[in-house]
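Overview (structure and organization)
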Amino acid sequence: GKLNIMSGYRITGGGNLIIYAKNGVQLSGGYIDVGSTGSVSIYTPATLEVNSNSYINGQTVVILAQKSTSTLNGGSINATLAGAVTKIYTENFTINNSSSVISGKGAGMVVATNDISITAGSAENTIFVAGGDISAKASTATVVGGLYANGTISITGLTMKLNPDVVES
């Protein structure tokens, strides 16, 4: 089925968490937090959606949403966890809210087999890799760690901040 974690609900702990949801994962005000000693693995052939006031935290967060669009609509993944590593693999990826953060104090990588769209958010320690195109039509407050595309990269207003430690991680 579909996993929907709504406001007031959460999954917490200090261990390793594996989630498989055939029909997608949606965080709508709830969160997943296993802390700095745990890992979160999410597998779904459908959509991953992390909305406002929602987040996922773990020393290592790996998300595989292989045939869908994964979206950060105001939610975050490892926004404040120092040294955390975030890896997102999906078909298409969108980050579109100024409240959204990927790997704020760690390292992150987003790999999309097709396209990536960046219109707002913070991912200054995250590298984005697209098999198709990257559209980065964002505000000047939006910062990413790097962009690579097999197709076209279109940038308007986005800032890139190369951090060698992120590339190494």
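What comes next is a walk through the structure. (Residues numbered from 1 in each chain as written. Predicted model: local features only at pLDDT ≥ 70, side-chain atom pairs only at ≥ 80, totals over all residues. Heavy atoms only, no water.)

Moving on, we get to a nonpolar patch on the surface. A cluster of nonpolar side chains, contributed by Ile18, Tyr20 and Tyr43, occupies part of the molecular surface with about 370 Å² of accessible area. Judged by relative accessible area, tyrosine 20 falls into the exposed class, the value being 58%. (Patch = residues over 30% accessible without salt bridge, like charges linked within 9 Å, V, L, I, M, F, W, Y side chains within 5 Å. Areas by Shrake-Rupley, 256 points an atom, 1.4 Å probe, with all protein chains shown as cover. Salt bridge = Lys/Arg side-chain N within 4 Å of Asp/Glu carboxyl O. Buried < 20%, exposed > 50% of the residue type's maximum accessible area, 1.4 Å probe, protein only.)

The next subject is the pairing of strand 4 (residues 25-28). Bridging between strand 1 (residues 3-6) and strand 4 involves 4 bridges; their strand directions are parallel. Across the sheet, residue asparagine 4 finds its bridge partner in strand 4, namely glutamine 26. Sheet analysis places strand 4 next to strand 7 (residues 48-51), joined by 3 bridges and oriented parallel. Note on strand 7: the bridge partner recorded for leucine 27 is valine 50. (Pairing = 2+ DSSP bridges. Helix = DSSP H or I, 4+ residues; strand = E, 2+ residues; numbered from the N terminus.)

To continue, consider unusual backbone geometry. Of note in this structure, asparagine 78 is not a glycine but carries a positive phi near 50°. By secondary structure assignment, the location of asparagine 78 is in the loop between strand 10 (76-77) and strand 11 (85-101). A positive phi angle is found at serine 103, which is not glycine, with a value near 50°. Mapped onto the elements, serine 103 comes out in the loop between strand 11 and strand 12 (107-112).

Topologically, asparagine 125 is positioned in strand 13 (residues 116-130). Within the structure, the side chain of asparagine 125 is placed 3.4 Å from the backbone oxygen of serine 103, a separation counted as a polar contact. Aside from chain neighbours lying at most four places away, what touches asparagine 125 is Ser103, Gly104, Lys105, Gly106, Ala107, Gly108, Gly145, Asn163 and Val166. (Polar contact = N/O pair within 3.5 Å; in protein donor to acceptor, adjacent residues only side chain to side chain. Contact = heavy atoms within 4.5 Å.)

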